Amino acid sequence: MVASLALVLAAGVASPALASARSVGQHTVAGGGDKCDDHSRYGSSHVTVYGGHDKDHCKGATGATGPKGATGATGATGATGATGENGENGATGATGATGENGENGATGATGATGATGATGTPGPCSDIDAQQNNGAYELRAALTGGIVYAGVHDLRGSSPRPFLWTDLSNNADYPDGGNDPQGFPIGTPCAVSINGLTPGTGNSEPIKIDALTTTGQVWETTCSVNLSSNPADLTCDDPWVEVNYQPAVGAVNGGRDITL
């Protein structure tokens, strides 16, 4: 304002009214004054020369901050936002420790019975037969280990006598495998029988020993009991022969003719 007034005065355009105002009692700050000077210094007729408003430039100190107000009530929960996109799969975790073995399961049902296996090779045959004549002696025919034996037991006298045995596998044509004259397999002895004739008045008594082979053939040899010996013994030196007829399926008072 002072600068503007100086310019006006310098230009010589200040009006008499303005000059009169200055002399009557209106005080204008000419320079360096305190903007916060008390207005009472200028009286009640203090007028601002430039500008249309009377503005007090004195500002008091800022007061102390008041206490914090109470926290307001929690607002209502907003609507759930849209689900975000799935994130990328994380890295595979480390393999866990091996768990303990579980309990044994229940026993399963029994399976179906398997087919019958092939018939095995027959084992060695064993057999025995016996006969006794008039209390003078008794006879035995025994088969074991593939060998036919003939035995005699003398019963005469008061002293016990032992059984006497003769191996008949040493006789000629013993049925021990191969084929007969007609090409039928002979087999090996598997059963035996003995048949002693009624004792006569001679010095020896004939007996017959028969063997049934594993192929169903019947073979026979003859021995004699020597009653003149003490104890009685056997003489068995006749060959084995294939009896005729041979057993045949469906035969009636007949059989397989070995001479054909």
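Predicted, not measured: the structure shown is a model, and the values here were computed from it.

(A) Geometry of the sheet that holds strand β2 (residues 137-144). Taken in spatial order, the four strands line up as β1-β2-β3-β4 in an open sheet, and their pairing is antiparallel. This sheet does not close on itself; its edge strands, each paired only once, are β1 (127-133) and β4 (163-167). Direction aside, the axes of adjacent strands within the sheet are offset by 20° on average. Where β1 lies against β2, seven bridges are found, and the strand directions are antiparallel. Of the residues in β2, the one forming a bridge with glutamine 131 is leucine 139.

(B) The arrangement of the confidence of the model for the protein in detail. Model confidence for the protein is summarised by a mean pLDDT of 80, while 73% of its residues fall at 70 or above. Least confident of the elements in the protein is helix α2 (residues 16-24), whose mean pLDDT is 41; most confident is β4, at 97. The model gives residues 4-33 a pLDDT under 50, and that stretch makes 21 contacts with residues more than four places away or in other chains. In this model, residues 37-51 is a region of pLDDT below 50 whose contacts with residues beyond four sequence positions or in other chains number 17 contacts.

(C) Geometry of the nonpolar core. The biggest cluster of nonpolar side chains holds 23 residues, and the ones touching the most others in it are Val148, Leu168, Ile207, Ile209, Val225 and Trp240. Broken down by secondary-structure element, the contributors of at least two residues to this core are β2, β3 (147-154), β5 (189-196), β6 (204-213) and β7 (218-226). Examining the composition of this core, we find that four residues originate from one element, β2, more than from any other. For tryptophan 240, the residues in contact, after removing those within four places along its chain, are Val148, Leu168, Asn171, Ala172, Asp173, Tyr174, Pro175, Ile209, Ala211, Trp219, Glu220 and Thr221.

(D) Summary view of unusual backbone geometry. That bond from asparagine 230 to proline 231 is cis: its omega, 5°, falls within 30 degrees of zero. Within the secondary structure layout, proline 231 lies in the loop between β7 and β8 (233-235). In this model, asparagine 244 is joined to tyrosine 245 through a cis peptide bond whose omega is 0°. Tracing the chain through its elements places tyrosine 245 in the segment after β9 (241-242). Of note in the backbone geometry, aspartate 173 takes a positive phi value of approximately 60° without being a glycine. As for its placement among the helices and strands, aspartate 173 is situated in the loop between β4 and β5. One non-glycine residue, asparagine 253, adopts positive backbone phi at about 50°. Residue position: asparagine 253 is located in the segment after β9.

Parameters and conventions
- Counting restarts for each chain, with residues numbered from 1 along the sequence as it is written.
- Thresholds applied to this predicted model are a pLDDT of at least 70 for local features of residues and 80 or more for the giving and counting of side-chain atom pairs; totals over whole chains, interfaces and linings are not thresholded and use all residues.
- Side-chain measures were taken over the full set of non-hydrogen atoms in the model, leaving aside hydrogen atoms and water.
- Pairing between strands is defined by DSSP: at least two bridges between the two strands are required.
- For the purposes of this entry, the term helix denotes a DSSP run of H or I that reaches at least four residues, the term strand denotes a run of E that reaches at least two, and both are numbered from the N terminus.
- Only the stretch in contact is used when a helix axis is fitted, and all axes are lines through C-alpha atoms; the angle between N-to-C directions ranges over 0 to 180 degrees.
- As a per-residue quantity, pLDDT reports the predictor's confidence and falls between 0 and 100.
- Between two residues, a contact is recorded if the distance between any of their heavy atoms is within 4.5 Å.
- Here, nonpolar core refers to any group of buried Ala, Val, Leu, Ile, Met, Phe, Trp, Tyr and Cys residues whose side-chain atoms link them within 4.5 Å.
- Relative accessibility decides the category of a residue: with a 1.4 Å probe and only protein chains considered, values under 20% of the type maximum give buried, values over 50% give exposed, and everything between is partly exposed.

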